[in-house]
Amino acid sequence: MDFQLPEYNLQLMLPEIVLFVWALVVLSFDLATKRKSGSAVGYLAMAGVLITGIVLAFTGHGQGFGQMFVADSMAVFFKMIFLCAAFMAIGSSFGITKDKIVNHRGEFLGLMLFSTVGMMFLASSNELLSLYVGLELTTIPLFALAAFFKDDKLSVEAGIKYLVVGAFSSALLLYGISFLYGLSGSTDLLLMRLNLAASALMDYPKVAMVFVLATITILAGLGFKLALPPFHQWAPDVYQGAPTPVTAFLSVASKAAGLVAFAKIMVIGLFAYYDPFVAPIDWGMLVGIMAGSAMIVGNVLAVRQTNMKRMLAYSSIAHAGYIMVGMLAMNELGLASVGFYMFAYMFANMGIFAVVALIEERTGSAEIPDYGGFSKSSPFLAVSMTIMLLSLTGIPPLAGFFGKFYVFAAAIRQAGSDPVHQWMYWLVGVGLLTSVVALYYYANVIRTMYFGAQTDVPRIEFTAPALTVILIGVIGTVVFGLMPNVVVEFASQIPISDMIILP
Amino acid sequence: MGILSSLILIPLVGMVVVMMLPKDNKWAARWTATVFSAVPMVQTIWLTWDYFFTKRDMSGLASSLADTMAYVEGPFEWIPSLNIQFYVGADGLSVPLLALTGLLSLISILASFGIKERVKEYFAFFLLLEAGMMGVFVALDFFLFYVFWEIMLVPMYFLIGVWGGPRKEYAAIKFFLYTLFGSIFMLVAILLLYFNTEPHTLNILTHIENGSSLPYVLQMVCFIFFFIAFAIKVPVWPFHTWLPDAHVEAPTAVSVILAGVLLKMGTYAMLRISWPMFPDALQSLALWIAVLGGIGIIYGALVSLAQKDLKKLVAYSSVSHMGYCMLALAAYNSAQAISGVMFQMVSHGLLTGGLFLLVGVLYDRAHTREIAVFGGLGVKLPIYTSIMVFFSMASLGLPGMSGFISEFMVFVGAFGASSVHPYMPYITGISVLGVVLGAAYLLRMVQRVFLGPFDMSKWGGLTEMNIREYVTVVPLMVLTLWIGMYPKPLNNLVSATLENLMEYMAR
C-alpha cells in the first residue's frame, strides 16, 4: 500500500512557534540578568507579542498536518484577539512586576505567553485531541498566574479554586469528547460532523442516550470554562483574588478561547444536533437556557457588588451570555457577531482592568466606593474608564453597542427565519432587558467617580505601557464603534457559510 | 459638507475645542461654547428662511418620500455589510424643530454662565447634547437615528448628575434607566423591520413607503415597541415619572433643553416614524393613544395644582401640555390636529423654556423655589413679574399667544375626529377641562408668588433681571407673540409636509 505522509505545512504554525520561542527567551532573559531585568523583560514580552502579530498577519491561510491544523479566517481573527489581549495584559502588569513579584518576572510573563500559545493552537486545531491539548496549555499556566501573589490569601485561594474547577471541567470535557469519538469513530471535527449527522438520521434510538450524555458533559465542561451558569460560581472569587492583569487576561483571552472551543465542538462538530427535529436533544435550547441565565445572573448579581473586580467578574458572566446568543444564531451573522462582540469586549474590558490595576497599585484598593472624587484627581483615567464602561453597557456609538446590535440582529434573524427557533425572541428580550440592569451598575462606577463625595484620592501616576494599554482600549472602543466596518468585514469571513450546509 | 451634517458636526467640534481649553479660564469655555452654538443657530435660521421661501412646496408634490425631503445628504455607505447608511434629511417636520433646537441651545448656554464648577466639562457635555438633538431631527436611517437618540443620554446623565440639585444622583440614573429601557424596545422593533424587508434596509423612508404592506401583527408589535420608546421620552402618562425628578434636580439650562427639545423628540419620532409607518396599527390603537393623552392632560394639571415647588409645577405642566400633543396625534386624519401637534410642540418649547428660565432666575437669587415662602414679589420685581405673568398667561392659553393657537387647533382637530373613533369627541370634551385646571394652577401660582403682602425683611435683597437674562427670555417672548398673533407662517412652513405624511397615516 502506498503510504503518504501528511502535508505538514509547518510555515502555518510560524506565529505559534515564534511566540513559544519568545516565551522561552523571556524566561531565560530574566534568569540571565539575575532577576534584575526590571521593566526590560516586560517590554521584551510586549515586543514578542507584537512580532507574533506581524508574523500572523503575513502567514497565509491553509491546512497543515493533514487536516489537524487549520489557519482559516476564524483562527486568524481569534488569534488576533488573543494577541491583543496578551499585549494589553502585559502592558498593564508593569506595576506589579516592578513592585510585587520582583523575583519572578520572567515566569509571570513567560506563563502568560505560554497560555497565549495554547489559545492560538486551540484556535487552529481542527481535531478534538489537539483542541483539548490547546485548551490545557491555555489553562494550566493560568492556574499558576492566578495564584501568583503567593503571600496573599485571596490570590492563593483564587489559584486553588481555579485549579480544581479547571481540572474538573477539563475532565468532564474529555469524558464528553470520548463519547463523541465513540459515536462518530473520528476525532476530526469535520468527519465527526458528517458521521454524527449520519448516525442521527439512521440509527437514532441507539445513539440517543449516549449522545445526550456526551452533550451534557461537554456543555458542563465548556460551561465551566466560560463561566456560564450554573457553572459560574468560581469566577467572582478567582477574578477578585488573581492579580489584576491576570484577571483581565482571564476575562478576555481565556473567555475567547472557551468560545473558540465551543464554536469548534458544538457549532461545527455537533451542527446536526442543533435542530430539534433531528436530534434527541436540542443543544441549542439547552445553551439558550444557559445564556439566558448567564445574562440574568451576571447582571443582577453585579448590581450588589462593591468590589470592582467582583463586579467585572459578574459582568463578564453576563457578557458571555450575550455572546452565546450570537453563537446560537446559526446564520451568516452568527459567528461574525460573536467575533465582533469579543473584539469590542476585549478593548473595553482590558482598558478598564488597566485602569483598575493602576488605581489598585496606588491606593491598594479595588473597592468602588474608594473611587470617589477620582474624576478630579485623575481626569484622563476617569474619562477613559467612563468611555469603556459605557461601551460595555452598549451605548452608541461605541464598539460595545455595535457588538450588541450585531448579536441581537443575528438572533432575531434566526428566530424569524425558522419557526423552531422562535424561542430566541425570548433570549433577545432577556438580553435587552438585562442590559438595562447592566447600565445601573456600570453607571454606579461613573457616578462614584463623578458625582460622589470628593474623598481625597491621590493623583494616579501612570507608566508609558499602562498609558498605551488604556489608549488602545479607548481608541479601539471609539474607532471600532464609529467604523465597525473594518472588523465586520473581517469577522464575516468566519466561514459559517460552509458550515451551514447540512451534510 | 452639507448644512445638515454641519449642524451635527459644529457642536461636536465645539466640544473638542472646549475640552482643550485651559482649565482655569472659565470665560474662554463660556464664550467658545456660545460661539459654537450660535453658528448652528444661524444655520437653522437660514434653513428655516430658505425652506419657507424656496423649498416648502417640494414637500407636497413629490411621488416618493425621498423627494419630499427638501434637504438631503446621503445616503452614504457606513456599514455596508448590514446596509447601514449615513442618511440625513430635513423637511417641514424637522425644520421648525431644528430651529427650536438651535435657539434653545444658544439660550441655554447663555443661561449657564452662572455655572461655576467644572465649567469646561459642563459646556463640552452641553455641546455633545446639542449635536445629538440635531442628529435626531435629521436622521433618516434607523441606525443613525438610534445612535443620536442614545448618545444624548450620556451628556444628559452627567449634566443632571454633576451639576444638579440635592437628589441629582437619583434623578440622573432614573432618567438614564427609563430612557434606555424604552430604547431597547425601539432596537427590537428596528431589527424586526430590518429582517422583514427585502432587501434588508434601515432606511426610514423606505420603511414608511412599505409599511402598510407589513402583516398586521408585525405592525402592531413594532408600533407598540416604538410607542413605548417614544412615549417614555414625551412623556406620556404612565411613563412620566422620571420627568419631575429630572426637571427638579437639573440645572436651569438643562431643564430648558429637557422640556424644550428632548420631549419634542418623542412626538417628532411618532410623526416621523411610527405614525406613517404602521397605518393599520395606528387605526387600531388611536383611541387608546387619545385616552392616554387625555389622562396625561388632566392628571398633569391636577398634580401641578398640588405642587409646592415652582419647578415641579412647571414640570408637571409639561406632562399636561404634552398630553395635548398625544390627544391630537390620536386624531391622525385631521389636518388641524396634526398641525396642532406641531404648534403645540413649538409653543410648548418656547413657553416652558421661558418658564424654566424664569424659575431659574428667581432660584439664583432666592435659593429656594418654594411657592409658599414668596409673596408680593410684584412690588419689588415689577419687570420680572410681568415677564413671568406673560409666560404664565401664554401657557394657560390666553388668546393672542402661541399657547392659545395650539390648544385651539388641538381641540378642534381632536373633537372633529369622530371618524377615527366615535369616542374621540367625548375624550376631547373631558380633556378640555385641562385648560381650566391649567388656568387654575398657573393663576394660583402667580397669585401666591407675585401678589399679596411683600416681606421686605426677607426678600428685600432681590434684584431685577440682568441683561444676560433679558437676552435669554426676550426672543422667546417675541416668538410666542408672533405665533399667537400671526400663526400663518408657521402653518405654511409645516403644512405641506404634514399633509404628505397624513396620506401615509391614513392609508
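Described below are features of the structure shown in this document. (Residues numbered from 1 in each chain as written. Chains lettered and ligands numbered in written order. Predicted model: local features only at pLDDT ≥ 70, side-chain atom pairs only at ≥ 80, totals over all residues.)

1. A few points about the overall build of chain A
Along the backbone of chain A there are 21 helices and 2 strands. Relative to the globule expectation of 23 Å for 503 residues, the C-alpha radius of gyration of chain A, 22 Å, shows essentially globular dimensions. Dimensions of chain A along its principal axes, counting C-alpha atoms only, are 70 × 50 × 40 Å. Within chain A, residue pairs in contact and separated by at least 24 positions form 81% of the contacts whose partners lie at least 6 positions apart. (Helix = DSSP H or I, 4+ residues; strand = E, 2+ residues; numbered from the N terminus. Rg over C-alpha atoms; globule rule 2.2 N^0.38 Å. Contact = placed C-beta atoms within 7 Å.)

2. A few points about the environment of F175 of chain B
Residue and element names in this part refer to chain B. Take F175: it is sitting in helix α9 (residues 168–195). Residue F175 is classed as buried on the basis of its 25 C-beta neighbours within 10 Å. With 15 residues separating them in the primary sequence, F175 and I160 have C-alpha atoms 9.2 Å apart. The residues touching F175, leaving out its near neighbours within four places in the chain, are M156, Y157, I160, W242 and A246. (Buried ≥ 20, exposed ≤ 12 C-beta atoms within 10 Å, placed from the backbone.)

3. Quick notes on helix α2 (residues 40–58) of chain A
All names here are of chain A. Across its 19 residues, α2 extends 27 Å between first and last C-alpha, which sits within 8% of the 27 Å expected from 1.5 Å per residue. Considered for burial, the residues of α2 that qualify are V41, G42, A45, M46, G48, V49, T52 and L56. On an axial view of α2, the arc spanned by its buried residues comes to 150 degrees, and they lie on one face. Along α2, the residues that are exposed and aim more than 90 degrees away from the buried face are L50, I54, A57 and F58. (Expected span 1.5 Å × (residues − 1). Arc of directions from axis to C-beta.)

4. Quick look at the packing of helix α17 (residues 399–417) of chain A against helix α19 (residues 464–482) of chain A
Residues and elements named next belong to chain A. Between α17 and α19, whose axes approach to 7 Å, the crossing angle comes to 50 degrees. If you check the angle between α17 and α19, you find them oblique. Along the contact surface, α17 presents A399, F401 and F402, while α19 presents G476, T477, F480 and G481. (Axes fitted to C-alpha atoms, helices over the stretch in contact; angles between N-to-C directions. Parallel < 35°, antiparallel > 145°, perpendicular 65-115°, else oblique.)

5. Regarding the interface of chain B and chain A
Counting residues at the interface gives 25 residues for chain B and 25 residues for chain A. Going through the elements one at a time, α7 (142–151), α8 (153–163) and α9 of chain B are the ones with two or more residues in the side of chain B that touches chain A. Tallying contributions element by element places α9 of chain B first for the side of chain B that touches chain A, with 13 residues. Residue composition of the side of chain B that touches chain A, by class: 20 nonpolar, 2 polar and 3 charged. (Nonpolar A, V, L, I, M, F, W, Y, C, P; charged D, E, K, R; others polar.)

6. So, the nonpolar core
Residues and elements named next belong to chain A. A85, A86 and A411 are the most contacted members of the largest nonpolar core, which has 409 residues in total. Of the residues forming this core, the biggest block, 21 residues, is contributed by helix α14 (residues 334–363). Excluding anything up to four places from it in sequence, A86 contacts V49, M112, L113, T116, F249 and A253. (Core = buried A, V, L, I, M, F, W, Y, C linked by C-beta atoms within 7 Å.)

7. Observations regarding the environment of S37 of chain A
Residues and elements named next belong to chain A. With respect to the secondary-structure elements, S37 resides in the loop between α1 (14–32) and α2. For the pair S37 and R105, spaced 68 residues apart in sequence, the C-alpha separation works out to 8.2 Å. The residues contacting S37, other than those within four sequence positions of it, are F29, D30 and R105.

8. Here's the deal with the pairing of strand β2 (residues 84–90) of chain B
All names here are of chain B. Burial analysis of β2 places 6 of its 7 residues in the buried class, the great majority of the element. Bridge count for strand β1 (residues 71–79) against β2 is 6 bridges, and the pairing is antiparallel. Along β2, the bridge assignment pairs I79 with I84. If you look at the hairpin formed by β1 and β2, you'll find 4 residues sitting between the two strands, and N83 has a positive phi there, around 60 degrees. (Pairing = 2+ DSSP bridges.)

9. A word on helix α21 (residues 433–450) of chain B
All names here are of chain B. Between its first and last C-alpha atoms α21 spans 25 Å; for 18 residues at 1.5 Å apiece the expected length is 26 Å, and the two agree. Within the sequence span of α21, burial applies to G434, V435, L437, G438, Y441, L442, M445, V449 and F450. One side of α21 carries all its buried residues, which in axial view fall inside an arc of 165 degrees. Exposed residues pointing more than 90 degrees away from the buried face of α21 are listed as V436 and Q447. Against α14 (279–305), α15 (310–330), α17 (377–380), α18 (382–396), α19 (402–415) and α20 (424–431) lie the buried residues of α21. At the C-terminal side of α21, G452 shows a positive phi close to 85 degrees.

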